[in-house]
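Read off the chains here:
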Amino acid sequence: MQDLNDLYFFANVVQQGGFTAAGRSLGIPKSRLSRRISELEIRLGARLLQRNTRGIALTDLGSRYYQHCQEMIAAAEAAELAVTSSLAEPSGTVRASCVVAIAQSEVANALPAFLERYPKVNIDLLFTNRRVNLLEEGVDVAIRVRATDDEDPNLATRRLRAASAVLVATPALMSRYPAPTHPRDLEKLPLLGAADHDRRIHLTLDGPDKERYELVSEPRLAVEDFALRKRAALRNLGLTMLPTEYCIEEVEQGALVHVLPDWRMPSGHLQIVYPTQRGLLPAVRVFVDFLIEQLSKEFIFPDCKN
């Protein structure tokens, strides 16, 4: 088996921009380093570097080889971190983002228990419904709802539970209109929800016989916040889409009714995503485990019970 140090030496030469700087970084003579890279090229039967008086440049093959070297080094660092992290007490700050509805309810209720369990871990929690770029924004963990396979393949994804949403309104509001049998029958009802760029609400529903219908309407109230939408709906101000867990109690009590129960909103998943390039720090690892423990409960809508 080849000496894997040669891959490390080669990557360091590329990163430092030359043999002299790499030799200083590694603490080995420039001549020895140059000889090791030359022997590596001979063994591979390919030139990896173009050497000239101004420095070095990667060949096409060298560029591809360098990418693999980087992956090998990252994997080795992750392997070492996996061991050292397991032995270390969780500490430091975990920056997390979470969809607003889940953050305000389940996460807010559970977070004090986590902080008590891990006194050396601090949580910086961002409430947002937008799609956060973890790597660019320095976020360690994101809790969000996504459609199946709608996630960055470079992130680790842990699905927690199915995430469904329903159309609800008060019985009093629905009594003012003919009983709907199709989403097109809802176009005359006042609608509460998040508006798109055209300032209209777009709701996709899947019905019997695989029929799909997009309900498009000018909103009576345009707002993303689920709590405000629910309060407005309870005041007979309109029909709205809410996550199942966000209105299950009101439906069970009869304050809201599930409108068009034979038509479903496209489902997704509540999931946790996090970068894994260099392993998980202890604080991030225990926070992920805690979220899995707290957020995996399934919510079954009253009129969906078998």
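Quick caveat: nothing in here was measured; it's all calculated off a predicted structure.

Summing up its helical and strand segments, the protein has ten helices and 14 strands in all. For 306 residues, the compact-globule formula gives about 19 Å, and the C-alpha radius of gyration of the protein, at 28 Å, lies well above that figure. The principal-axis extents of the C-alpha atoms in the protein amount to approximately 90 × 45 × 35 Å. For the protein, buried positions account for 42% of its 306 residues. The contacts of the protein with a sequence gap of at least 6 include a subset with a gap of at least 24, amounting to 71%. Averaging the positions of the 37 positive and the 39 negative side-chain charges in the protein gives two centres separated by 5 Å.

Turning our eyes to something else, we now look at the packing of helix H2 (residues 19-26) against helix H3 (residues 30-44). H3 packs onto H2 with a crossing angle of 110° between their chain directions and a minimal axis gap of 9 Å. What the angle tells us is that H2 and H3 run roughly perpendicular. Residue-level contacts link Phe19, Thr20, Ala22, Gly23 and Leu26 of H2 to Lys30, Leu33, Ser34 and Ile37 of H3. Each residue belonging to the contact of H2 with H3 can be placed in one class, and the counts come to five nonpolar, three polar and one charged.

Segmentation of the protein into domains returns domain 1 (4-85), domain 2 (92-160 + 270-296) and domain 3 (165-258). In this structure, domain 1 and domain 2 have C-alpha centres spaced 36 Å apart.

Sheet architecture is open: five strands sit in the order S11-S8-S12-S7-S13, paired in mixed fashion. Two strands close off the open sheet at either side, each with one partner strand: strand S11 (221-222) and strand S13 (257-258). Across the sheet, helix H8 (residues 226-234) lies against strand S8 (191-193), S11 and strand S12 (239-243), angled at about 140° from S12, the strand it touches most. Of the strands in this sheet, strand S7 (165-169) and S12 are in contact with helix H9 (residues 244-253), which crosses S12 at around 115°.

Geometry of a packed helix pair, given as the angle between the helix axes and the separation of the axes. Relative to each other, helix H1 (residues 5-16) and H2 sit at 120°, their axes nearing to 8 Å. The angle between H1 and H2 places the two elements in the oblique class. Considering only the axes of H1 and H2, their crossing is right-handed. For the pair formed by H1 and H2, the contact residues are Tyr8, Phe9, Asn12, Val13 and Gln16 on the first element and Phe19, Ala21, Ala22, Ser25 and Leu26 on the second.

Residues three or four positions apart in an α-helix share a direction because the helix packs 3.6 residues into each turn. Of the positions making up H9, those classed as buried are Thr244, Tyr246, Cys247, Ile248, Glu250 and Val251. Immediately downstream of H9, the backbone of Gly254 shows phi near 85°, a positive value.

Here the focus is the pairing of strand S14 (residues 268-275). Extensive coverage of S14 is indicated by the burial of eight of its eight residues. Inspection of the sheet shows strand S5 (residues 141-146) paired to S14 by five bridges, in the antiparallel sense. The residue of S14 that forms the bridge with Ala142 is Val273. With eight bridges joining them, strand S6 (residues 155-163) and S14 adopt antiparallel strand pairing. Within S14, the position partnered with Arg161 by the bridge is Leu270.

This part is about unusual backbone geometry. With a phi close to 60°, Asp209 is a non-glycine residue in the positive phi region. For Asp209, a relative accessible area of 79% puts it in the exposed group. Of note, Leu260 is a non-glycine position whose phi angle comes to about 50°, a positive value. You can see Leu260 is positioned in the loop between S13 and S14.

Ordered in space as S4-S3-S5-S14-S6, the five strands form an open sheet in which the pairing is mixed. Only two strands of the sheet have a single neighbouring strand rather than two, namely strand S4 (121-127) and S6. Strand after strand, the sheet turns through a mean of 20° between neighbouring axes, direction not considered. Its contacts with the sheet put helix H10 (residues 282-295) on strand S3 (92-98), S4, S5, S6 and S14, and the angle it makes with S5 is roughly 35°.

As for its position among the elements, Arg229 is in helix H8. Salt bridges are absent for the buried Arg229, whose nearest opposite-charge side chain, Glu224, sits at 7.1 Å. One polar contact links Arg229 to Thr240, side chain to side chain, over a distance of 3.2 Å. Looking at Arg229, its side chain comes within polar contact range of the main-chain oxygen of Met241, at 2.6 Å. Apart from the residues within four sequence positions on either side, Arg229 is in contact with Leu192, Gly193, Ala194, Val223, Glu224, Thr240, Met241 and Leu242.

For the rest of this paragraph, the subject is the packing of aromatic side chains. Geometry of an aromatic ring pair is reported as the spacing of the ring centres plus the angle between the planes. In this structure the tally under the stated criterion is six aromatic pairs. Pairing Phe114 with Phe290 gives two aromatic rings, centres 5.2 Å apart and planes at 55°, and the pair type is tilted. Of this pair, Phe114 sits in helix H5 (residues 100-117) while Phe290 is found in helix H10, placing the two residues 176 residues apart along the sequence. Residue Phe114 is classed as buried on the basis of its relative accessible area, which comes to 0%. The class of Phe290 is buried, set by a relative accessible area of 3%.

Here is what the cut-offs are and how they apply
- Residues numbered from 1 in each chain as written.
- Predicted model: local features only at pLDDT ≥ 70, side-chain atom pairs only at ≥ 80, totals over all residues.
- Heavy atoms only, no water.
- Helix = DSSP H or I, 4+ residues; strand = E, 2+ residues; numbered from the N terminus.
- Rg over C-alpha atoms; globule rule 2.2 N^0.38 Å.
- Buried < 20%, exposed > 50% of the residue type's maximum accessible area, 1.4 Å probe, protein only.
- Contact = heavy atoms within 4.5 Å.
- Lys, Arg positive; Asp, Glu negative; His and termini not counted.
- Charge placed at Lys NZ, Arg CZ, Asp CG, Glu CD.
- Axes fitted to C-alpha atoms, helices over the stretch in contact; angles between N-to-C directions.
- Parallel < 35°, antiparallel > 145°, perpendicular 65-115°, else oblique.
- Nonpolar A, V, L, I, M, F, W, Y, C, P; charged D, E, K, R; others polar.
- Domains from an automatic or database assignment.
- Pairing = 2+ DSSP bridges.
- Left-handed = near helix turned anticlockwise from the far one by under 90°.
- Salt bridge = Lys/Arg side-chain N within 4 Å of Asp/Glu carboxyl O.
- Polar contact = N/O pair within 3.5 Å; in protein donor to acceptor, adjacent residues only side chain to side chain.
- Phe/Tyr/Trp six-rings, centres within 6.5 Å; stacked < 30°, edge-to-face > 60°.

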